[in-house]
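Single-letter residue listing:
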2 protein chains.
Amino acid sequence: MAFPKSGVIAIGCLATLGACAPVPIEPPPVAPMRATTHAQVIEQSTPADWRSVDPQNTLYLELPTGRVVIELAPLFAPAHVENIKTLVRGKYFDGLRVTRAQENYVVQWGDPDGKRDFEGAARSLPAEFTSMLANELRFTPLPDGDLYAPEVGFSGGFPVARDKDTGLAWMAHCYGMVGVGRGVAPNSGSGAELYVVIGHAPRHLDRNVTLVGRVLDGMEHLTTLPRGSGPLGFYEKDEPRVPIKAMRVAADVSPAQRTELEVLRTDTAAFVRLIEARRFRREEWFVEPGGNVELCNMPVPVRRRTAR
Amino acid sequence: MAFPKSGVIAIGCLATLGACAPVPIEPPPVAPMRATTHAQVIEQSTPADWRSVDPQNTLYLELPTGRVVIELAPLFAPAHVENIKTLVRGKYFDGLRVTRAQENYVVQWGDPDGKRDFEGAARSLPAEFTSMLANELRFTPLPDGDLYAPEVGFSGGFPVARDKDTGLAWMAHCYGMVGVGRGVAPNSGSGAELYVVIGHAPRHLDRNVTLVGRVLDGMEHLTTLPRGSGPLGFYEKDEPRVPIKAMRVAADVSPAQRTELEVLRTDTAAFVRLIEARRFRREEWFVEPGGNVELCNMPVPVRRRTAR
């Protein structure tokens, strides 16, 4: 007995979508809404709907169980992204350990002693919690509102909130997002301590932390880590901590050793159809198709790159 | 460098809360809003703010790594809760295995062959997706709205949505909620296949599945399981599957062997203060205190029961 069966072909029509109307004799002036499922949108996508990921803005976090692939977002956090790449290229993270795994919250890694050489990277940076990008972004909005921001949607593959009145935009703390740990002072972060969201979106962290990207692949290497038993999920001294074998910029890894991924572009008609497929569930399994979708319940599809 | 420090004592005042107004000479006619943090609300709670959990409506899922404690919700799903208890008491689940672990979604267990004796339990039950409880529940509303329901809040410790116009109420698919797997037919579930939400709340499942309770303790025994490599996270035949040592109703376990938990009552002033503490973050670490809270970002506190 399988439970939520994705991939089931939707049959029949749904009155709420108006898809039961008689077939017009003349071609309709606009393309009719296709009552497609998530799986069908992906199946019907073309190569142009997907993009490869810039290896200069991709990080590999190499753990004993495998690789975590992170796409960086230099548009939203240019100084932090640059600093993190400097740290990575200085092998700052190699041989460090995961320091924290808190249930339904974050996994975090860095140098608990704070003694490592920064190799030319900044030890602290001005916060990049928001950017003056609201009216410049290529932005695909979600139509159903949000509890934490005036408007939300996607830009460049990232979940983004914006406020057109103030001009501010910022990335949102959805599952898999990567952020910069900091102390009490807003400008105390550098990127030398990084965390990934592994639970329900802690959206209250939005605009309180600099986000720098999201995990595209390998989340399971983080989410399955034993939880730390100390306060906030930090590991206690006597607990085994998973070592970081290496952290690399993908461009510095030989092409044969890279993880070749493609991400569904969020500025395409295919992505808009995917939003509709998530808002109204047409799979046969659903009895209540819904009608709304929330930002962090709209993951952006990633797949292994295929030969063309 | 610690990141979100709970437990930090808030100092100063926040203009947005009006807490900076001059101290009145006369006692105020109503209790002033206390600018408390989550940690302070818990510290200031009294024993009466907490409840113990009914052992007749508590399940223990015994895994090799430890115990998962589930509180059942007979008010919302009386027939399924009763059927599950019959299955558990017939030792239906003992010796079965976890069958599915899907990243950012669910962990599921049951009998993949469907050959076990049901020991008097029903093999299928009418769906209990919603109940006519909206106007009868003891209900603590959240003030900030919801994308999936007309109104949301808490009742009896569970995250609940309601629609006063239709009279319907239903539990919501937040992290840790326990549901009944089913096939395509809405009435095909029985409770012989159960799942727990381990990722961002899949609220699109609301009103599509019968929810029966939530995990109070031991989530990490589920969330850290290796993910299944088959479709939808089902384990393939050659993958090791974690065995279920036993599943028990807590009342059938000797008192010395029980996990004694207390849950913060959701019908108390303390819980309303906790909602406010989650809406406006007063911890020193926050620079943007927020203002809203979303249903599944409002976990109900659980603690080990202390001697009184």
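Residues numbered from 1 in each chain as written. Chains lettered and ligands numbered in written order. Predicted model: local features only at pLDDT ≥ 70, side-chain atom pairs only at ≥ 80, totals over all residues. Heavy atoms only, no water.

## Let's talk about the overall build of chain A
Working step 1: When you go through chain A residue by residue, the secondary structure sums to four helices and 15 strands.
Working step 2: Each of the 308 residues in chain A was classed as buried or not, and the buried ones make up 57%.
Working step 3: The contacts of chain A with a sequence gap of at least 6 include a subset with a gap of at least 24, amounting to 72%.
Working step 4: Roughly 12800 Å² of accessible area belongs to chain A as shown, and the carbon and sulfur atoms make up 54% of that amount. (Helix = DSSP H or I, 4+ residues; strand = E, 2+ residues; numbered from the N terminus. Buried < 20%, exposed > 50% of the residue type's maximum accessible area, 1.4 Å probe, protein only. Contact = heavy atoms within 4.5 Å. Areas by Shrake-Rupley, 256 points an atom, 1.4 Å probe, with all protein chains shown as cover.)

## Considering the interface of chain A and chain B
Working step 1: Opposite the 57 residues of chain A that make contact, chain B presents 57 residues.
Working step 2: Where chain A touches chain B, the interface holds two salt bridges.
Working step 3: Two residues, Glu-288 of chain A and Arg-207 of chain B, come together in a salt bridge whose shortest N-O distance is 3.9 Å.
Working step 4: There are 29 residue pairs in polar contact (both at pLDDT 80 or more) connecting chain A and chain B.
Working step 5: Elements with a contribution of two residues or more to the side of chain A that touches chain B: strand S5 (106–110) and helix H3 (220–223) of chain A.
Working step 6: In terms of residue class, the side of chain A that touches chain B is made up of 26 nonpolar, 14 polar and 17 charged. (Salt bridge = Lys/Arg side-chain N within 4 Å of Asp/Glu carboxyl O. Polar contact = N/O pair within 3.5 Å; in protein donor to acceptor, adjacent residues only side chain to side chain. Nonpolar A, V, L, I, M, F, W, Y, C, P; charged D, E, K, R; others polar.)

## A few points about the sheet that holds strand S1 (residues 50–52) of chain B
Pairing between the strands of a sheet is mediated by backbone hydrogen bonds and can be parallel or antiparallel.
Residue and element names in this part refer to chain B.
Working step 1: Read across the open sheet, the three strands follow the order S1-S14-S15; overall the sheet is antiparallel. The two strands at the open ends of the sheet, each matched to only one other strand, are S1 and strand S15 (302–304). Averaged over neighbouring strand pairs, the angle between their axes works out to 35° when direction is ignored.
Working step 2: Looking at chain direction, S1 and strand S14 (residues 261–264) are connected through three bridges and run antiparallel. Looking at the pairing, Ser-52 lines up with Glu-262 of S14. (Pairing = 2+ DSSP bridges. Axes fitted to C-alpha atoms, helices over the stretch in contact; angles between N-to-C directions.)

## As for the pairing of strand S8 (residues 158–163) of chain B
All names here are of chain B.
Working step 1: Counting buried positions along S8 yields six of six residues, so the element is predominantly enclosed.
Working step 2: The alternating pattern of S8 places Phe-158, Val-160 and Arg-162 on one face and Pro-159, Ala-161 and Asp-163 on the opposite face, and all of these are buried.
Working step 3: The pairing of strand S7 (residues 151–155) with S8 spans five bridges and is classified as antiparallel. Paired with Val-152 across the bridge in S8 is Ala-161.
Working step 4: Hairpin connection between S7 and S8: a loop of two residues separates the two successive antiparallel strands, and Gly-156 in this loop has a positive phi of roughly 60°.
Working step 5: Bridging between S8 and strand S9 (residues 168–171) involves four bridges; their strand directions are antiparallel. Its bridge partner lying in S9, Ala-161 is registered against Trp-170.
Working step 6: Hairpin remark: S8 followed by S9, antiparallel, with four residues in the connecting loop; positive phi at Gly-167, about 80°.

## Here's the deal with unusual backbone geometry
Working step 1: Although it is not a glycine, Lys-91 of chain A adopts a positive phi angle of roughly 60°.
Working step 2: Topologically, Lys-91 of chain A is positioned in the loop between helix H2 (78–89) and strand S4 (97–101).
Working step 3: The phi dihedral of Arg-207 of chain B falls on the positive side, at around 65°, and the residue is not glycine.
Working step 4: Structurally, Arg-207 of chain B is set in the loop between strand S11 (194–197) and strand S12 (211–217).
Working step 5: Judged by relative accessible area, Arg-207 of chain B falls into the partly exposed class, the value being 25%.

## Thoughts on the pattern of salt bridges
Working step 1: In total, this model carries 32 salt bridges over all chains according to the counting rule given.
Working step 2: One salt bridge in this structure joins Asp-217 of chain B and Arg-304 of chain B, with 2.7 Å as the shortest N-O distance. Residue Asp-217 of chain B is found in strand S12, and its partner Arg-304 of chain B is found in strand S15; the two are separated by 87 residues along the sequence.
Working step 3: When salt bridges that share partners are traced, they join Arg-138, Arg-265 and Asp-267 of chain A into one network.

## A word on the relation of the copies chain A and chain B
Working step 1: Each copy of the sequence occupies a distinct position, and chain A is placed on chain B by a rotation of 180° and an axial shift of 0.0 Å, giving an RMSD of 0.0 Å. The superposition of one copy onto the other is thereby described by a two-fold rotation axis.
Working step 2: Interface overlap between copies is the fraction of interface residues in one copy that are interface residues in the other; for chain A against chain B it reaches 100%, indicating a shared surface. (Least-squares fit on C-alpha atoms with pLDDT ≥ 70 in both.)

## Some words on the state of the cysteines
Residues and elements named next belong to chain A.
Working step 1: One pass over the full model with this rule turns up two disulfides over all chains.
Working step 2: The disulfide partner of Cys-174 is Cys-296, and the S-S distance across this bridge is 2.0 Å. Disulfide Cys-174-Cys-296: torsion about the S-S bond near -70°, hence left-handed. With a gap of 122 residues between them, Cys-174 in the loop between strand S9 (168–171) and strand S10 (177–180) and Cys-296 in the loop between helix H4 (269–279) and strand S15 (302–304) connect regions that are remote in the sequence. (Disulfide = S-S within 2.5 Å.)

## Brief notes about the sheet that holds strand S14 (residues 261–264) of chain A
Residue and element names in this part refer to chain A.
Working step 1: Spatial ordering of the open sheet is given by S1-S14-S15, a layout of three strands whose pairing is antiparallel. Either end of the sheet is taken by a strand with one partner, and the two such strands are strand S1 (50–52) and S15. Across this sheet, the average inter-strand angle for adjacent strands is 35°, counted without regard to direction.

## Regarding the packing of aromatic side chains
Working step 1: Under the defined criterion, the tally for this structure stands at eight aromatic pairs over all chains.
Working step 2: Considering the side-chain rings of Tyr-92 of chain A and Phe-93 of chain A, the 5.2 Å spacing of their centres and the 85° angle between planes classify their relative orientation as edge-to-face. Here the two residues Tyr-92 of chain A and Phe-93 of chain A agree in accessibility, since each one is buried.
Working step 3: Among the aromatic residues, those joined into a ring-pair cluster are Tyr-92, Phe-93 and Phe-118 of chain A.
Working step 4: When the ring centre of Phe-139 of chain A is taken as reference, the NZ or CZ atom of Arg-162 of chain A above it lies at 3.9 Å.
Working step 5: Above the ring of Trp-285 of chain A, the side-chain terminus of Arg-182 of chain B is found at 3.9 Å from the ring centroid. (Phe/Tyr/Trp six-rings, centres within 6.5 Å; stacked < 30°, edge-to-face > 60°. Lys NZ or Arg CZ within 6 Å of the ring centre and 35° of its normal.)

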